[in-house]
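The chain contents come next:
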Amino acid sequence: MNVTPQITGFAYRRVAVADGVALNVAVGGSGRPVVLLHGFPQTHLMWRHVAADLAADHTVICPDLRGYGDSDKPAESGGLIYAKRTMAADIVALARALGHDRFALAGHDRGALVAFRAGLDHPDVVTHLATLDVLPTLDMWDVMHGVSASVGFHLYLMAQPPGLPETLIGGAPDAFFGHFLDSWTTDRSAIPDIVHAAYLAASRAAIPSIVADYRASAGVDLEHDRADRQSGNRLRMPVTVLQQDWGAALGFDAAALWRAWAPDLDHRTVPWGHFMAEEAPGEVTKALRDLLAR
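Residues numbered from 1 in each chain as written. Predicted model: local features only at pLDDT ≥ 70, side-chain atom pairs only at ≥ 80, totals over all residues. Heavy atoms only, no water.

In terms of regular secondary structure, the protein is built from 14 helices and eight strands. For the protein, whose C-alpha radius of gyration is 17 Å, the value lies close to the compact-globule estimate of 19 Å for 294 residues. Projected onto the principal axes, the alpha-carbon positions of the protein cover approximately 50 × 45 × 40 Å. Put simply, the protein has 294 residues, and 59% of those count as buried. Within the structure as shown, the protein displays about 11500 Å² of accessible surface, and the carbon and sulfur contribution to it stands at 55%. Across the protein, the centroid of the 24 positively charged side chains sits 5 Å from that of the 33 negatively charged ones. (Helix = DSSP H or I, 4+ residues; strand = E, 2+ residues; numbered from the N terminus. Rg over C-alpha atoms; globule rule 2.2 N^0.38 Å. Buried < 20%, exposed > 50% of the residue type's maximum accessible area, 1.4 Å probe, protein only. Areas by Shrake-Rupley, 256 points an atom, 1.4 Å probe, with all protein chains shown as cover. Lys, Arg positive; Asp, Glu negative; His and termini not counted. Charge placed at Lys NZ, Arg CZ, Asp CG, Glu CD.)

Below is the structure:
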């Protein structure tokens with residue numbers, strides 16, 4: 001019998017965060033709360049090493065985002081269901097349900113976009129913010145151009161209206177999701193076979209909601225970022241960004257783009273692959289501890 005791996009020593013539960021939506025969440029440790037949000041095409045398991053370390057002196061909360069893993073996957077019915085604003089509200093509601101009105105927040109990839117939105121929308125709730133290997137949505141679309149944008153082909157595919165992307169991905173889901181797991185890492189052993197299989201199984205079961213998440217970033221998420229840029233809304237908490245050297249490949253200054261959003265910024269260009277919390281968990285944990293000490 002196949003058993004889905006879990007974070008050792010963490011307790012699992014489902015927590016209602018909105019009408020008809022409950023999140024699967026792993027909780028461990030004690031102390032000041034830290035919420036860790038996963039990316040694509042992963043689940044909360046991507047934080048297994050970092051979470052176990054931080055749990056020595058923090059309450060660590062690792063949910064599956066709505067639409068991913070074992071969390072609920074409401075049908076897309078307009079752009080707001082998978083807007084990052086909605087997903088960020090899920091995380092605030094989750095923390096409150098677990099007894100935390102304020103918390104530090106770290107996100108990778110798609111989870112980083114949720115964390116970014118939570119920091120902008122809930123500045124009195126998010127005390128510290130870390131993002132791993134992503135640009136804010138507004139900046140991401142601005143820098144993607146020409147042949148270099150082929151690295152983000154999936155962004156354009158999943159931005160299409162409902163029907164075509166779901167059908168194409170559904171025709172060969174393991175090949176599609178496996179492409180990212182296998183090509184975006186510099187150390188394939190960082191994602192063991194059992195975890196790799198769990199990511200593929202979770203993604204196969206979530207194709208419509210994953211596509212809806214990405215589609216929102218070509219629509220309502222972009223609108224929300226533009227509104228914040230125009231109003232001057234910025235991240236008020238200490239921010240750490242860990243990022244591959246995207247600027248060298250795509251021709252932009254990543255630190256400058258982030259500084260426009262985050263005055264209190266520690267931007268680090270790192271040598272690891274995209275799945276850095278699994279490739280270099282010790283270094284990622286240290287960066288998070290440095291952030292929490294600010």
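Anyway, onward from the coordinates.
Another aspect to go through is the packing of aromatic side chains. Tallied over the entire structure, the rule returns 12 aromatic pairs. For the ring pair W141 and Y156, a centre distance of 5.3 Å and an interplane angle of 80° mean the geometry is edge-to-face. Of this pair, W141 sits in helix α4 (residues 137-143) while Y156 is found in helix α5 (residues 153-157), placing the two residues 15 residues apart along the sequence. By relative accessible area, W141 is classed as buried at 19%. Looking at Y156, the relative accessible area reads 34%, which means it is partly exposed. An aromatic cluster is defined as three or more aromatic residues linked by ring pairs; in this entry it consists of F40, F153, F176, F177, F180, W184, Y214 and F275. Positioned above the aromatic ring of Y214 is the side chain of R110, whose terminal nitrogen or guanidinium carbon lies 3.8 Å from the ring centre. Against the face of W261 rests R229, its NZ or CZ located 4.4 Å from the ring centre. (Phe/Tyr/Trp six-rings, centres within 6.5 Å; stacked < 30°, edge-to-face > 60°. Lys NZ or Arg CZ within 6 Å of the ring centre and 35° of its normal.)

With respect to the element layout, H38 can be found in the loop between β3 (32-37) and α1 (48-54). Separated by 3.3 Å, the side chain of H38 and the backbone oxygen of Q42 make a polar contact. (Polar contact = N/O pair within 3.5 Å; in protein donor to acceptor, adjacent residues only side chain to side chain.)

We now examine the pattern of salt bridges. What the rule picks out here adds up to 21 salt bridges. As a salt-bridge pair, D221 and K84 come within 2.7 Å of each other at their nearest N and O atoms. Placement of D221 in helix α10 (residues 220-231) and of K84 in helix α2 (residues 84-97) is noted, with a sequence separation of 137 residues between them. For the pair shown, D221 and K84 are each scored as buried. A salt bridge links R268 to D290; the shortest N-O distance between them is 3.2 Å. Of the two residues, R268 is situated in strand β8 (residues 265-269) and D290 in helix α14 (residues 281-292); the sequence distance between them amounts to 22 residues. Here the salt bridges do not stand alone but share partners, grouping R85, R117, D121, D225 and D228 into one network. (Salt bridge = Lys/Arg side-chain N within 4 Å of Asp/Glu carboxyl O.)

The two faces of a sheet get side chains in turn, since along a regular strand they alternate between them. Taking burial as the measure, the five residues of strand β7 (residues 239-243) include five buried ones, the bulk of the element. Of the two faces of β7, the one carrying V239, V241 and Q243 and the one carrying T240 and L242 are both buried. When strand β6 (residues 126-132) meets β7, the two strands line up parallel, connected through four bridges. By the bridge assignment, T131 is partnered in β7 with V241. (Pairing = 2+ DSSP bridges.)

Next up on the list: the packing of α2 against helix α3 (residues 110-121). The interhelical angle for the contact between α2 and α3, taken along N-to-C directions, is 80°, at an axis separation of 8 Å. Accordingly, the angle class assigned to the pair α2 and α3 is roughly perpendicular. For the pair α2 and α3, contact is made by K84, R85, M87, A88 and I91 and by R110, L113, V114, R117, A118 and D121, respectively. When grouped by side-chain class, the residues that make up the contact of α2 with α3 number six nonpolar, no polar and five charged. (Axes fitted to C-alpha atoms, helices over the stretch in contact; angles between N-to-C directions. Parallel < 35°, antiparallel > 145°, perpendicular 65-115°, else oblique. Contact = heavy atoms within 4.5 Å. Nonpolar A, V, L, I, M, F, W, Y, C, P; charged D, E, K, R; others polar.)

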